[in-house]
Amino acid sequence: MRLTVNGNAIDIDADPDMPLLWALRDLAGVLGPKFGCGIAACGACTVHIDGTPVRSCALPVGEVDGDILTIDGLATDGKLHPVQQAWLEEQVAQCGYCQAGQIMSAVALLDEIANPTDEDIDNAMGGNLCRCGTYPRIRSAIKRAAALKTAGI
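Residues numbered from 1 in each chain as written. Predicted model: local features only at pLDDT ≥ 70, side-chain atom pairs only at ≥ 80, totals over all residues. Heavy atoms only, no water.

Undergrad: What is the right way to read the side chain of N128 from this model?
TA: One can find N128 in the loop between helix 4 (118–125) and helix 5 (135–150). A polar atom in the side chain of N128 sits 3.3 Å from the backbone oxygen of G101. Among the polar contacts made by the side chain of N128, one reaches the side chain of S105 at a distance of 3.0 Å. Beyond its immediate chain neighbours, meaning those up to four positions away, N128 contacts C42, G43, T46, R55, G101, Q102, S105 and Y135. (Helix = DSSP H or I, 4+ residues; strand = E, 2+ residues; numbered from the N terminus. Polar contact = N/O pair within 3.5 Å; in protein donor to acceptor, adjacent residues only side chain to side chain. Contact = heavy atoms within 4.5 Å.)

Below, the structure written as structure tokens:
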């Protein structure tokens, strides 16, 4: 089966029922998406398929129809994505368990709503769990990322 991951075509030999997360990590060597719960409840495994955030732990690889973007593909030409830059500036990360999924969900939100309200952020990020409770910093980082995107940074 052929997948397009972060702009690269990758051929893998996978059972179509294998979760996309394991196909990415174990067969394609794409390690950014993380395993958290295995039931699509925590968001740690979030990737984009054609711009839509999905939980890769619960999506069979055989059902993937579109280009996959993981956190590994966000930075381009050595430049961090504005969400990644804002995450650093707001010092969001603590344990790191949720970060890939949080960032991918935040990117999808800002692709849809350039200047989200607190309610927009809560709605978009509600399915992403943070064991460390950095939700206020996540909200601040999303607002900072929106400003960075507006400024073209």
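Undergrad: Can you help me understand the nonpolar core in this one?
TA: If you look at the biggest cluster of nonpolar residues, it comprises 26 residues, and the most contacted ones within it are V83, W87, I103, I138 and I142. The set of elements that each furnish at least two residues to this core consists of helix 2 (82–89), helix 3 (99–112), helix 4 and helix 5. Top contributing element to this core by residue count: helix 3, with 7 residues. When residues of this core are assigned to domains, at least three map to each of domain 1 (2–73) and domain 2 (82–150). (Core = buried A, V, L, I, M, F, W, Y, C linked by side-chain atoms within 4.5 Å. Buried < 20%, exposed > 50% of the residue type's maximum accessible area, 1.4 Å probe, protein only. Domains from an automatic or database assignment.)

Undergrad: Explanation requested: the pattern of salt bridges in the structure shown.
TA: Pairs can form between side chains of opposite charge whenever their charged atoms are close. Applying the stated criterion across every chain yields a total of 7 salt bridges. For the salt bridge of D118 with R139, the shortest nitrogen-to-oxygen distance reads 3.5 Å. Within this pair, whereas D118 is found in helix 4, its partner R139 is found in helix 5, the two being separated by 21 residues in sequence. The partly exposed category is assigned to D118, whose relative accessible area is 32%. When salt bridges that share partners are traced, they join D118, D122, R139 and K143 into one network. (Salt bridge = Lys/Arg side-chain N within 4 Å of Asp/Glu carboxyl O.)

Undergrad: What is the right way to look at the domain arrangement of the chain in this model?
TA: By convention, interface size is frequently given as the accessible area that disappears when the constituent parts associate. Domain annotation for the chain reports domain 1 (2–73) and domain 2 (82–150). Placing the centre of domain 1 and that of domain 2 at their C-alpha centroids yields a distance of 21 Å. On the side of domain 2, 14 residues touch domain 1, which itself brings 15 residues to the contact. Summing the contributions of domain 1 and of domain 2, the shared interface buries around 1100 Å²; its carbon and sulfur component is 60%. Between the two partners, domain 1 and domain 2, sit 0 salt bridges. The interface formed by domain 1 and domain 2 includes 4 residue pairs in polar contact (both at pLDDT 80 or more). Those elements giving two or more residues to the side of domain 1 that touches domain 2 turn out to be strand 3 (46–49) and strand 4 (52–55). Within the side of domain 1 that touches domain 2, the residues separate by chemical class into 6 nonpolar, 7 polar and 2 charged. (Buried area = accessible area lost by both parts, 1.4 Å probe. Nonpolar A, V, L, I, M, F, W, Y, C, P; charged D, E, K, R; others polar.)

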